[in-house]
Amino acid sequence: MSGTKPADTNPGSPAPTSIGRRLYGTFRLILILGLIFLALSPVLSQPTARPRLLRVGYLARETSGHPSGGALEGMRDALWKNDVVRAELEREGFTGIGLFACDGYSDMARRLNQREFHVAFTPATLYARQTVGYTAVLKSRRKEDSFSPNGRVWRQGVIFVSSRSPLHGTKEITAESLADYLSRERLAVAGTQSVAGFEAPLLRLAEDYNIRGAEGGYLWFESSEEVAKGVLSGVADIGACEEQALDRLLEQEGLKDKRDQLIRVILRSDRIPTDPVVLLPSLEPRASALGRELRRAIREFSLRGGLGELQYATATDLDYGAVTQLLDEFSRRVGEVPF
Amino acid sequence: MKRRDRNAPIWPLLLAMGMLLGAAGTLLWLRGRLVAGQQSVLDGTVRRFEATGVLGRPESDSVIFGEIERLAAASENELIRSLRVVKRAADGRELTLVPFYVDLTEPRWRDAPGWIRLPVGAEPAGYLYVRIDRSTIHAVNAAIMLLGLLLVGGLGALLARQRGKEAQVNRLQSELEQRKVQVIQLERLALAGQLSANVFHDIKKPVLNIKHEVDDALDGTGQPIEEVLRSVRAQTDLFLQMLRELGMEAFVNAAAENREWCDLAEAVDRSLRLVGYERGNVQTQVHFPPDREFLIEGIPHRFVQLFSNLFLNAFQAMGHGGTLRVRGMGNGEWGMADKGSTGILPVSRQPTDGDWLVIDVEDSGPGIPEEKRAEVFSPFVTGRAASGGSGLGLYICRTIVEDLGGTITVDKSEEIGGARFRVRLPAASR
């Protein structure tokens, strides 16, 4: 092939190599990244704020004596929107309120003993057995609960039979006949963590009739209401539960007037305080403004109907001395209470 | 009140009934869908209880009322108005869990009507008792019943209308029958009139003889009066004998329409005598099998009318010469010998159901062209219009034969060449 070769325009300058072009490109990239880093450095240099939640524990079952789920979420939102509470929370370094559900009694007992919750909606039995100094500030109250003029709220446990039971028509129930009956029939109960529904009536059974538990066995239900339904439906013929729950159920179904036809109460326990709301010792109201505001705000929220029929009244540790004493007595006369 | 027009068209009624039928069919289909839908809802409810296992197993007493009550409440809907949940306990008792108190307050609630019991599980852990809203299905049932009633009413109207039509047809038939009888009677009179012409001709002779002899006697030119009177008596005897043998009087005056057993051979014989004056030189052959009777239940003078018409037609077709052959066939056999003019056939056996008596009337005349044979039995069809034929003779023959359940046909006589009329009559009594 023939032709002329193009002449160099600047024959004296050295020709740029490919290595030189790459080094130039890399330098330019580093320069740009450096400028971006310098521009963002004030933001990145800020210290990272770790969120700190006020931890509220509760039992994830609707049959507990406290509210759960949706009602507690409403309460949490109300507390966070409460200016005074929020100011106190922020002052204490809390960035929010977190709800933490416990799977069961043993889970809650373990987490209470690990001081995991700042606030806990707990059964009275767990409060009585905790050893880390939680303090009771509120106690639950339903309209059917008994309360005294000085503000004490209590419930009573009962052992009762349905009209299917031969004891329903027996004129006088003796210790022997009751013991004989309980050796043949299973006793419907609401679980060991219901003081009024389990320990209190069984302790009274031991005290009055010298019967240590149900020899025929127990039929476990989730709550006092379920026990009442179980006995009225015929699943069991004898049961132990909170009397207030039994009465509430009969009233709901319009059966209050037929109470004596349908059931017979064999024994009634001592008065038992209702389940408490407890705070960590550091939030104890006498020492903590946040503790005081939390107690006030939760109570006001419940009084405004935020928790339905359930309300909270002020409580102290003294209210629950009877529970501790009852549980000790129960352990001594009936046996250890399992979770 | 305005009377309904019986001739009003029927199609509006049929159309209305068709629409009612369609509507009833649609409602039945709808009811089927409704029932299937309800069953589906009930099955779904049972499946939900089975899937959640809230009733547990029969041997287990573990019950969570809250869950069962929530499920029961969620299962109530527009169809399931009320639902009760029953658990089968280990000891076989059935415990009502929802509502939990009902076994105490209403121990016999299961006996109340309206509850549908649905087992939950193959080995039932319990049962659902449901009361469903039946108002829709009751409404559909009522609508179906209403449509059914309307359909029955429509059918009734249709039947009434049909009955009316039938009555009308029966009345018309009755009138037609009366007319037919009248026509037959009139035709008989016409036949008699036609036959009377020749009779009168023959009668004229003895009457003229009498007149002439009486005239001569009065003029004093004739025989003595005693002879004249004898002659008159002989002439009148002859005259009466002629009339008697003719049987015209009996034929014309026959008024009874009662059925009786008739001998066809005798009817043939009487007919031949009746139309004898028209016979001319025609040779008559009558053949009936000797071993059976040709008995048939009917009106005697009608048979005479039948055969007289056929014979007269044959005579007139042949002019004054030829052969008329009458044959009777019973039990599959033709009469073989000349029967003569009269006589009752010996009884060999009575006719039985399924037998037919066949009488052939053949002549040696020109016959009837094949293309005209179909219409010779129609009324007012005659080949002798000029000579006064009414055209009713063969029509009357067909009417008489068909009234007896028989048939009459015409074809060509293969043996003697003219027309052959075949009268076929059922032998059993009618």
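Residues numbered from 1 in each chain as written. Chains lettered and ligands numbered in written order. Predicted model: local features only at pLDDT ≥ 70, side-chain atom pairs only at ≥ 80, totals over all residues.

A.B. asks: So what exactly am I meant to see when it comes to the interface of chain A and chain B here?
C.D. replies: Much of the literature gives interface size as the accessible area that the parts lose upon coming together. Facing the 15 residues of chain A at the interface are 14 residues of chain B. Sorting elements by how many residues they give to the side of chain A that touches chain B places helix α8 (residues 224–233) of chain A first, with five residues. Along the lines of polarity and charge, the residues of the side of chain A that touches chain B split into five nonpolar, six polar and four charged. (Contact = placed C-beta atoms within 7 Å. Helix = DSSP H or I, 4+ residues; strand = E, 2+ residues; numbered from the N terminus. Nonpolar A, V, L, I, M, F, W, Y, C, P; charged D, E, K, R; others polar.)

A.B. asks: Looking at this structure, I do not really get the nonpolar core. What am I missing?
C.D. replies: Most often, soluble globular proteins have nonpolar side chains that are buried together. With 101 residues, the main nonpolar core has Ala188(A), Val227(A) and Ala240(A) as its most contacted residues. No other element matches the seven residues that helix α7 (residues 195–209) of chain A contributes to this core. If near-sequence neighbours (up to four positions away) are discounted, Val227(A) is found in contact with Ala188(A), Val189(A), Ala190(A), Gly197(A), Phe221(A), Gly239(A), Ala240(A) and Cys241(A). Listed in part, the 51 residues of the second largest apolar core include Leu295(B), Ala314(B), Ile359(B) and Cys397(B). (Core = buried A, V, L, I, M, F, W, Y, C linked by C-beta atoms within 7 Å. Buried ≥ 20, exposed ≤ 12 C-beta atoms within 10 Å, placed from the backbone.)

A.B. asks: I keep staring at the sheet that holds strand β1 (residues 53–59) of chain A and nothing clicks. Help me out?
C.D. replies: Pairing between the strands of a sheet is mediated by backbone hydrogen bonds and can be parallel or antiparallel. Residue and element names in this part refer to chain A. With mixed pairing, the six strands of this open sheet are ordered in space as β2-β1-β3-β11-β4-β12. Every other strand in the sheet has two partners, leaving β2 (96–102) and β12 (311–314) as the edge strands with one partner each. In this sheet, adjacent strand axes meet at a mean angle of 25° when their direction is disregarded. Across four bridges, the pairing between strand β4 (residues 135–141) and strand β11 (residues 276–279) is antiparallel. Its bridge partner lying in β11, Thr-135 is registered against Leu-279. Strands in contact with helix α2 (residues 70–81) are β1 and β2; relative to β2, the strand with the most contacts, it is inclined by about 160°. (Pairing = 2+ DSSP bridges. Axes fitted to C-alpha atoms, helices over the stretch in contact; angles between N-to-C directions.)

A.B. asks: Can you help me understand the sheet that holds strand β1 (residues 80–88) of chain B in this one?
C.D. replies: All names here are of chain B. Sheet architecture is open: four strands sit in the order β2-β1-β4-β3, paired in antiparallel fashion. The sheet terminates laterally at β2 (94–98) and β3 (116–120), the two strands that pair on one side only. Within this sheet the neighbouring strands show an average axis-to-axis angle of 30°, counted without direction. Here four bridges tie β1 to β2, and the two strands are oriented antiparallel to one another. Residue pairing for β2: Val-86 is matched across the bridge by Thr-96.

So far we have only geometry, and geometry alone does not tell us how the molecule works.
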